[in-house]
Amino acid sequence: MSTRPNLLMVVPIAWSPLWLPWLSEANLNVFLHGRDEYKLEDIDYVLSFRPPPGFLKTLPNLKAIYSLGAGVDGFLADPEFPKQIPLVRFVDPQLSTEMAQYVVMHVLLQHRRAKAFEETQKQSKWAQMMLPRKTADTRIGILGFGEIGTMAGERLRDLGFPVSGWSRSRKRVDGIKGYAGEDEFAAFTGSSDFLICLLPLTDDTRGILNAKSFAMLPKDSYVINVARGGHLIENDLIAALDSGHLAGATLDVFQTEPLPETSPLWKHPKIVVTPHIAAISDPRVAANFVIDGIARAERGEKHPNTVDMSRGY
Ligand code: NDP
Ligand code: OXD
């Protein structure tokens, strides 16, 4: 009988070739849900992102669950998720760096009027007077000032933008104004010319990007949602853009993914759509993260990235 821990991957089978080479180097028995045979009671650990609802509770001897992404809403959407089992989320500086790159790129594209200059080039027009707003007058507000929000905020601060972050607990980061809690939400949004959502999706944050919060933003603000589609009321965004209150939006995440071909978001002239690619977990790094996590669990240690079930992130 093997004493190696049994890890079950509950991911689309097409993803497995990216992961298996790295996981199979470890002292683990790795099973792929939907491909391999295994006994439910033999499974010690699970690696997944959006497991089928109701499935995890059928594993009676589970010791920990590892998320291959930073967000864990795909697990907690399962009403039967076994909350007594530690759920560990993926935190990786490289993932945060890539998220920050995405945010900086979309802020700069809008701030430096990239689309407008593309148009003037098409018309062979030397539009030198079409200047951007001053950087020092362009206020960036980051909703969710955690691992990724902080890194994005620091990068934008270093480019000279005034940056604020909104979180549950107040953050003190050099050169960045920290807002905290619902009471300070209106002051925070009221001073955000760019509103960037980097919140986890929880019962408290679902639908936070809505008509009411858009109305609090200064006129001509720009919204970037790079967190989860569930944060945004899509029809409210379209209405705020069509009324001329908001200048535009970049969306990487959607209520329904893949975004249906019939969605009006695809063709809206003020919306940039990308297919949930702001940052993709690197399988090699994430596999090592899981291998290390299992070693910690086997030693009886609590992982520092264990989700707090009472907060939902
Ligand atoms: P963290 O848990 O590190 O940060 C979350 C932040 O949100 C914290 O600052 C937290 O406050 C704040 N927050 C949570 N709930 C509330 C609330 N009710 N009111 C105010 N603030 C709140 O998460 P990460 O930065 O690692 O990731 C953020 C999200 O980014 C993920 O959950 C995921 O959805 C998304 N993501 C998207 C990717 C993509 O490709 N599009 C890739 C990776 C992540 P406090 O600090 O006080 O706890
Ligand atoms: C994540 C994601 O949460 O890729 O890591 O969305």
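As shown above, the structure is provided for reference.
All figures in this text were calculated on a predicted structure; none of them were measured in a lab.

1. Some thoughts on the packing of helix α1 (residues 16–23) against helix α9 (residues 283–298)
Remark: α1 packs on α9, axes separated minimally by 9 Å, with the N-to-C direction vectors making an angle of 50 degrees. Relative to α9, the element α1 is oriented oblique. Handedness of the α1/α9 crossing: right-handed. Of the residues in α9, those touching α1 at L18, W19, W22 and L23 are P283, R284, A286, A287 and I291.

2. Details of the environment of S310
Tracing the chain through its elements places S310 in the segment after α9. For S310, a relative accessible area of 68% gives the class exposed. Taking the C-alpha atoms as reference points, S310 and K83, 227 residues apart in sequence, are found 9.7 Å from one another. Within polar-contact distance, the side chain of S310 engages the side chain of D308 at 2.6 Å.

3. Describing the site of ligand 2
Near ligand 2 the following residues occur: F49, G69, A70, G71, R228, H276 and A279. A distance of 2.7 Å separates an oxygen atom of ligand 2 from a polar atom in the backbone of A70. A distance of 2.7 Å is found between an oxygen atom of ligand 2 and a side-chain nitrogen or oxygen belonging to R228. Each residue belonging to the shell around ligand 2 can be placed in one class, and the counts come to three nonpolar, three polar and one charged.

4. Some points on the site of ligand 1
The environment of ligand 1 is made up of 29 residues, and the closest members are R89, E147, S169, K171 and Y313. In this structure, a nitrogen atom belonging to ligand 1 sits 3.1 Å away from a main-chain N or O atom of R168. Here D252 contributes a side-chain N or O atom positioned 3.0 Å from a nitrogen atom of ligand 1. Taking 940 Å² as the accessible area of ligand 1 by itself, protein coverage stands at 92%. The set of elements that each furnish at least two residues to the shell around ligand 1 consists of α5 (147–158) and β7 (163–167). Per-class residue counts for the shell around ligand 1 are 14 nonpolar, seven polar and eight charged. Shared between two domains, the shell around ligand 1 takes at least three residues from each, and those domains are domain 1 (6–92 + 281–298) and domain 2 (93–273).

5. Some points on the sheet that holds β7
The seven strands lie next to each other as β8-β7-β6-β9-β10-β11-β12, forming an open sheet whose pairing is parallel. Of all the strands in the sheet, just β8 (176–180) and β12 (271–273) have a single pairing partner and so form its edges. In this sheet, neighbouring strand axes are inclined to one another by 15 degrees on average, regardless of whether the strands run parallel or antiparallel. Two strands pair when backbone bridges link them, and strand β10 (residues 221–225) and strand β11 (residues 246–251) are joined in this way by five bridges, in the parallel orientation.

Definitions and cut-offs
Residues numbered from 1 in each chain as written. Chains lettered and ligands numbered in written order. Predicted model: local features only at pLDDT ≥ 70, side-chain atom pairs only at ≥ 80, totals over all residues. Heavy atoms only, no water. Axes fitted to C-alpha atoms, helices over the stretch in contact; angles between N-to-C directions. Helix = DSSP H or I, 4+ residues; strand = E, 2+ residues; numbered from the N terminus. Parallel < 35°, antiparallel > 145°, perpendicular 65-115°, else oblique. Left-handed = near helix turned anticlockwise from the far one by under 90°. Contact = heavy atoms within 4.5 Å. Buried < 20%, exposed > 50% of the residue type's maximum accessible area, 1.4 Å probe, protein only. Polar contact = N/O pair within 3.5 Å; in protein donor to acceptor, adjacent residues only side chain to side chain. Near = heavy atom within 4 Å. Nonpolar A, V, L, I, M, F, W, Y, C, P; charged D, E, K, R; others polar. Areas by Shrake-Rupley, 256 points an atom, 1.4 Å probe, with all protein chains shown as cover. Domains from an automatic or database assignment. Pairing = 2+ DSSP bridges.

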